[in-house]
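# Coordinate analysis (summary)
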Amino acid sequence: MNRPDYQRHSKRVTATRRWQVLRHAILERDGWACVDCGTRRGRLEIDHVKPVRTHPELAFDPTNCATRCQPCHTKKTRIECGHPAPVQSPERDAWAQAVADLAANPNPA
Ligand SMILES: [Zn+2]
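In this text, all values refer to a predicted model and were calculated from it rather than measured experimentally.

### Topic: the overall build of the chain
What the chain contains, in helices and strands, is four helices and two strands. With 109 residues in all, the chain has 13% of them scored as buried. Residue pairs in contact within the chain that sit at least 24 positions apart in sequence constitute 62% of those at least 6 positions apart.

### Re the pairing of strand 2 (residues 65-69)
Burial analysis of strand 2 places five of its five residues in the buried class, the great majority of the element. Side chains of strand 2 alternate between two faces, with Cys65, Thr67 and Cys69 and Ala66 and Arg68 buried alike. The pairing of strand 1 (residues 44-48) with strand 2 spans five bridges and is antiparallel. Within strand 2, the position partnered with Leu44 by the bridge is Cys69.

### Focus: helix 4 (residues 90-104)
If you check helix 4, its first and last C-alpha atoms are 21 Å apart, about what 15 residues at 1.5 Å a residue would give, namely 21 Å. Of all 15 residues in helix 4, zero are buried; the element is thus mostly exposed.

### Observations regarding the environment of Ala25
Relative to the assigned elements, Ala25 resides in helix 2 (residues 17-29). A sequence separation of 37 residues divides Ala25 from Pro62, and the C-alpha atoms of the two residues are 8.5 Å apart.

Procedures and definitions
- Residues numbered from 1 in each chain as written.
- Predicted model: local features only at pLDDT ≥ 70, side-chain atom pairs only at ≥ 80, totals over all residues.
- Helix = DSSP H or I, 4+ residues; strand = E, 2+ residues; numbered from the N terminus.
- Buried ≥ 20, exposed ≤ 12 C-beta atoms within 10 Å, placed from the backbone.
- Contact = placed C-beta atoms within 7 Å.
- Pairing = 2+ DSSP bridges.
- Expected span 1.5 Å × (residues − 1).

Okay, structure coming up:
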């Protein structure tokens, strides 16, 4: 119980028979389609809207579950984990300056 295995919390949920039943119910509810992009293709996953890691009490709450395709699920998870801000670099600044120059003077002599 005290092991630092918080990353495996969702595994403890998804490995249960209760989850298998709930998972099917969520897929039925959402029409076997991703709630974000609407695709029915590829592997559909059940996303915990509030992560099990922080909201274990909602692990089996249907209102906390949504059907998502793998790309949408991955995207959401990455946002939750905090996207790093774009790295500032001299190259990026030079490129931005070049674009600005081109916009100001599209036909340099
Ligand atoms: Zn999707």
